[in-house]
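Notes for the structure review
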Amino acid sequence: MRVGLKALITLLCNVIYTALLLCLMVPVVNAEVTISGLNGVASDNVRLMLSLEKEKCDAPRWKIDSLFAKAEQEIDPALRAVGYYHPVIKKSLTFNQSCWHATFNIDAGAQVIVKTITITINGAAHDDAEFKKLRDKLLLKTGQPLRHNNYEKMKSQLASLAAQRGYLNSEFTSKKLIIDKEHNTASFELVFDSGNRQQFGEITVEQDVLEPELVAKYIAIKSGDFYSSEQLVETYDALSKSGYFDSIDIRPATDSNGKPIPVTIKLHPKPKYHYAFGIGFDTDIGILASASYQDNRLNRYGHFLTADLDIAPVLSTANVEYTIPLDNPLTETFSVGAGLKREDNDSFKSISAKLSGRYKYTFDSGWKQTLFLDYSYEDYQTGTDPRNQTLLLVPGGNWLYSVADNPLRPSKGYRLKFDVAGSYKSPLSDVSFAQGSMAATWIHALPWSGGKFIGRTELGATATNDFDKLPTTYRFYAGGINSVRGYTYKELGPKDAQGNVIGGQFLTVFSTEYEHAIFDDWGVAAFVDMGNAFNDIGNINLKTGAGLGARWYSPFGPVRVDVAVPLDSANSAFQIHFSAGARL
């Protein structure tokens, strides 16, 4: 019988697969090591140090006997590390046909208490307020049970603070951990000589794409200031966030023998031009094609230009913005821009153009402020009404604050945003109005369930003397994945006599959601959304949607797929919503 090469390869693969499967089916039996009389960190430390803990049932008997014999030599230092110097150990070892069993009954005895801590700081740091603060904090550990790692941490904290604040020739001239076994007490005695505090010397910046005056605004260190590692890190972060540089190399010459420390900063620029293209899908607006362009350095003063184009069946936009960094370029910029928008949904059709100026500022508290002045023209149609054209000069502002314990997968955090805008009827504006809105999202872990609660709300109000002349951009609508799920995008709002949605002066949206991870990268969710846009605050008709969702916690942020049903009258029996990106 002749066997072909393909058949032989198939047979070999099946044999290997079967062998691996059988190997995986063989259970690995762990031996049992019983430790009684201890709990908490003492028990954990003994198990960590005990070599027997790592052995399996199939280990040779001679090896188990040898490790068992020296067990006291491992248990004793493990207990000393957490302050027990008088342990009494009773042990036994038994073997049977399948495995072995070791038992240790340990009476740890009285725990050593730290009776005194003496920290003497000599040198220039003797009068340094930060060293005084740290010393006072460390002295508070008097009276606590002895932990050897706490003693090591004390030394590390003093050395780290010295390096951070420029005492680069510091050293311990004496360091003692004294144990009084008879009285079960311990004393820490540390003598730290900081030496002289060093200063920054000449700061050399190597780059040739931006004006030195602009680059200097990102540099936190100055010649003559005391050396600080924190300021070096601050400088690196600022240069990295500037967006101008691909690589940043900061090198202080700390081997300067007590002289001022020169620092060399080498900066390699990012490519001048950046292009990006993409295609995606959004359940609110359909298939989306996008393109973006950025000129990272229009000139040596750091001005830059961004342009974005998004094309979709429901919503298409094109924007260009010219940005100028101001006195503190990381927190303060001014920009001018222009944009076009076309929107065609079930409620309205509109085409608009806008010229804008924006001043952006980030406060030390983390709040981000944007003040703007927009001059816009909009041609729009709602329902069967004739088309309208409105010209508006709109000043306004928005304020945003967001905090999260993890930017891509938060278990705790919140986001707040406030917007105000308005216009006054004049030769430059066709209608007067004042508008304010607030959006908030809150995420909180539920420890008893392993999941998290996500709450969301959006509120808005508009005052105007001629609502019919207010363009759709400044009207409120509800419905869609970021509004009330179960309803189509901007499906909800006041209707005209023919039943066409025309938008409202007010908006209310509430959402509650429970999300639970079922695998490392997957989760499920259940939610209820409620809201609507309306014109009469005495007659609010909130619509409700509910559903279930799947979550994929991808490396670039969460991806959400929701199936929602409307619990009130709607254009469809259910909606499938898809979105990606962080909520906060």
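Everything numeric in this text was worked out from a predicted model, so none of it was measured.

1. A look at the packing of aromatic side chains
Under the definition given, this model contains 20 aromatic pairs. Ring centres of Trp 552 and Phe 556 lie 6.0 Å apart, and the angle between their planes is 90°; this geometry places the pair in the edge-to-face category. Judged by relative accessible area, Phe 556 falls into the exposed class, the value being 57%. Put simply, the rings of Phe 131, Tyr 167, Phe 172 and Phe 192 pair up and form one aromatic cluster. Between the NZ or CZ atom of Arg 409 and the centre of the ring of Tyr 553, over which it lies, the distance is 3.8 Å. Over the face of the ring belonging to Phe 527 we find Arg 485, whose NZ or CZ atom lies 3.8 Å from the ring centre.

2. Remarks on the confidence of the model for the protein
Per-residue confidence for the protein gives a mean pLDDT of 91, with 95% of residues at or over 70. Counted against residues more than four places away or in other chains, residues 1–28, with its pLDDT under 50, gives two contacts.

3. Concerning the environment of Met 154
Counting through the fold element by element, Met 154 comes out in helix α6 (residues 148–164). Sequence separation between Met 154 and Arg 387 is 233 residues, and the spatial gap between their C-alpha atoms is 75 Å.

4. Brief notes about the sheet that holds strand β7 (residues 200–206)
Across the sheet, three strands lie side by side as β7-β9-β8; this open sheet has mixed pairing. This sheet does not close on itself; its edge strands, each paired only once, are β7 and β8 (245–252). Across the sheet, the mean angle from the axis of one strand to that of its neighbour is 15°, orientation sign disregarded. Relative to strand β9 (residues 261–269), β7 runs parallel, the two sharing five bridges. Across the sheet, Val 205 pairs through a bridge with Ile 265, a residue of β9. Along the sheet, helix α8 (residues 229–241) contacts β7, β8 and β9; its crossing angle with β8, the most-contacted strand, is approximately 165°.

5. A closer look at the pattern of salt bridges
Going through the model one piece at a time under the given rule, you end up with 27 salt bridges. Between Glu 211 and Arg 300 there is a salt bridge, and its shortest N-O distance comes to 3.2 Å. Of this pair, Glu 211 sits in the loop between β7 and α7 (212–216) while Arg 300 sits in the loop between β11 (286–295) and β12 (304–311), and the two are 89 residues apart along the sequence. Given the relative accessible area of 35%, Arg 300 is considered partly exposed. Residue Arg 551 is joined to Glu 513 by a salt bridge in which the shortest nitrogen-to-oxygen separation is 2.8 Å. Highlighted residues: Arg 551 in strand β23 (residues 543–554) and Glu 513 in strand β21 (residues 506–517), separated in sequence by 38 residues.

6. So, the nonpolar core
Core analysis: the largest hydrophobic core is formed by 25 residues, its most contacted members being Leu 52 and Phe 104. Looking at this core, the elements with two or more residues in it are β1 (32–36), α2 (40–49), α3 (61–69), α4 (71–80) and β3 (100–107). Among all residues touching Leu 52, those that are not within four sequence positions of it are Val 33, Ile 64, Leu 67, Phe 68, Trp 100, Ala 102 and Phe 104. Within the second largest apolar cluster, 21 residues are counted, among which are Tyr 85, Ala 125, Leu 134 and Tyr 167.

7. A look at the side chain of Glu 513
Using a relative accessible area of 2% as the deciding quantity, one classes Glu 513 as buried. Side-chain polar atoms of Glu 513 contact the side chain of Arg 583, separated by 2.9 Å. Setting aside chain neighbours within four positions, we find Glu 513 in contact with Lys 452, Phe 453, Ile 454, Arg 485, Ala 525, Ala 526, Phe 527, Arg 551 and Arg 583.

8. Section: the sheet that holds strand β6 (residues 185–193)
Strands sit in the order β4-β6-β5 across an open sheet of three strands; the sheet is mixed. Pairing within the sheet leaves two strands with one partner each, and these edge strands are β4 (113–122) and β5 (171–180). Averaged over all pairs of adjacent strands, the angle between their axes in this sheet comes to 5°, without regard to strand direction. Bridging between β5 and β6 involves nine bridges; their strand directions are antiparallel. Among the inter-strand pairings, Leu 177 is bridged to a residue of β6, identified as Phe 188. Across the sheet, helix α5 (residues 129–139) lies against β4 and β6, angled at about 165° from β4, the strand it touches most. Here α6 sits on the sheet in contact with β4, β5 and β6, set at roughly 15° to β6.

9. Observations concerning the state of the cysteines
This model, assessed by the stated rule, comprises one disulfide. Here Cys 57 is linked by a disulfide to Cys 99, with a sulfur-sulfur distance of 1.8 Å. Handedness of the Cys 57-Cys 99 disulfide follows from its S-S torsion of about -80°: it is left-handed. Of this pair, Cys 57 sits in the loop between α2 and α3 while Cys 99 sits in the loop between β2 (88–95) and β3, and the two are 42 residues apart along the sequence. Look at Cys 57 and you get buried, because its relative accessible area is 14%. On the basis of relative accessibility, which here comes to 12%, the residue Cys 99 falls in the buried class.

What counts and how
Residues numbered from 1 in each chain as written. Predicted model: local features only at pLDDT ≥ 70, side-chain atom pairs only at ≥ 80, totals over all residues. Heavy atoms only, no water. Phe/Tyr/Trp six-rings, centres within 6.5 Å; stacked < 30°, edge-to-face > 60°. Buried < 20%, exposed > 50% of the residue type's maximum accessible area, 1.4 Å probe, protein only. Lys NZ or Arg CZ within 6 Å of the ring centre and 35° of its normal. pLDDT = per-residue confidence, 0-100. Contact = heavy atoms within 4.5 Å. Helix = DSSP H or I, 4+ residues; strand = E, 2+ residues; numbered from the N terminus. Pairing = 2+ DSSP bridges. Axes fitted to C-alpha atoms, helices over the stretch in contact; angles between N-to-C directions. Salt bridge = Lys/Arg side-chain N within 4 Å of Asp/Glu carboxyl O. Core = buried A, V, L, I, M, F, W, Y, C linked by side-chain atoms within 4.5 Å. Polar contact = N/O pair within 3.5 Å; in protein donor to acceptor, adjacent residues only side chain to side chain. Disulfide = S-S within 2.5 Å.

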